[in-house]
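Fold and geometry: a report
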Amino acid sequence: MAGMTAFFIFVFMAGNRMKEKKKKETPGQLKQEKEEQVSVKELVKDERTHKIAGIVFLIMSLVLFISFTSYLFTWKEDQDKFIRYSSGVLFNDEMQVENLLGRFGAWLSHLFFYKGFGVASYLVCTFFFIIGTNFLFGKKIFSIARNLKYVLVGLIVLPVF
């Protein structure tokens, strides 16, 4: 019984201390949060940064792949709009394009295919995929230097053929 009484006294006193703390704080004032200083070096070494960068590169690879593949099937409908209006199609809401990714995908694929490297543009997708997987998994799954060499040679040689 004495233990139970001591417990209730303890709870009562703790409750009174909490009320006193609440009374001292005014409702309009907020506590100043501590700002931690993070250096760029720490941020670059952080594993979360690598995973986010990997996901961004994989998404870029997927966007390029979808827009390029859609361009192969819809270039007849979309190409004349970009030749006539150039990049103005991007901001013209009245223009309808057939690319799966809309006006941005049609412009991107027109830029890479028609004005750039042609079918060799798919090599850019593979390069972004390789960088993304290496960053995401934190391992050297693919050699970036070797693949960069292949992509650069491919972007020079394949359009000639």
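Notes on the structure in this doc start here. Here the structure is a predicted model, which means the values were calculated and not measured. (Residues numbered from 1 in each chain as written. Predicted model: local features only at pLDDT ≥ 70, side-chain atom pairs only at ≥ 80, totals over all residues. Heavy atoms only, no water.)

Take a nonpolar patch on the surface next. A surface patch of nonpolar side chains, amounting to about 550 Å² of accessible area, comprises V153, I156, V157, L158 and F161. Secondary-structure assignment places V157 in helix 6 (residues 144-157). For V157, a relative accessible area of 36% corresponds to the partly exposed category. (Patch = residues over 30% accessible without salt bridge, like charges linked within 9 Å, V, L, I, M, F, W, Y side chains within 5 Å. Areas by Shrake-Rupley, 256 points an atom, 1.4 Å probe, with all protein chains shown as cover. Salt bridge = Lys/Arg side-chain N within 4 Å of Asp/Glu carboxyl O. Helix = DSSP H or I, 4+ residues; strand = E, 2+ residues; numbered from the N terminus. Buried < 20%, exposed > 50% of the residue type's maximum accessible area, 1.4 Å probe, protein only.)

Below, the discussion takes up the pattern of salt bridges. A complete count under the given rule lists two salt bridges for this structure. Residues R48 and D46 are paired through a salt bridge, measuring 3.0 Å at the closest nitrogen-oxygen approach. In this structure D46 comes out as partly exposed when scored by relative accessible area, which is 22%. For K51, the salt bridge goes to E47, with nearest N and O atoms at 3.7 Å. Here E47 and K51 lie together in helix 3 (residues 47-85), a separation of four residues that amounts to about one turn. Among the residues examined, K51 registers a relative accessible area of 32% and is labelled partly exposed.

For the rest of this paragraph, the subject is the packing of aromatic side chains. Tallied over the entire structure, the rule returns nine aromatic pairs. Between the aromatic rings of F57 and F135, the centroid separation amounts to 6.1 Å while the plane-to-plane angle is 20 degrees, which identifies the pairing as stacked. Of the two residues, F57 is situated in helix 3 and F135 in helix 5 (residues 122-137); the sequence distance between them amounts to 78 residues. For the pair F68 and F113, a centre-to-centre distance of 5.2 Å together with 65 degrees between the ring planes defines the contact as edge-to-face. Note that F68 is positioned in helix 3 and F113 in helix 4 (residues 102-114), a separation of 45 residues in sequence. Take F68: its relative accessible area is 0%, and that puts it in the buried class. Connected via pairs of aromatic rings, a cluster forms that spans F65, F68, Y71, F112, F113 and Y122. (Phe/Tyr/Trp six-rings, centres within 6.5 Å; stacked < 30°, edge-to-face > 60°.)

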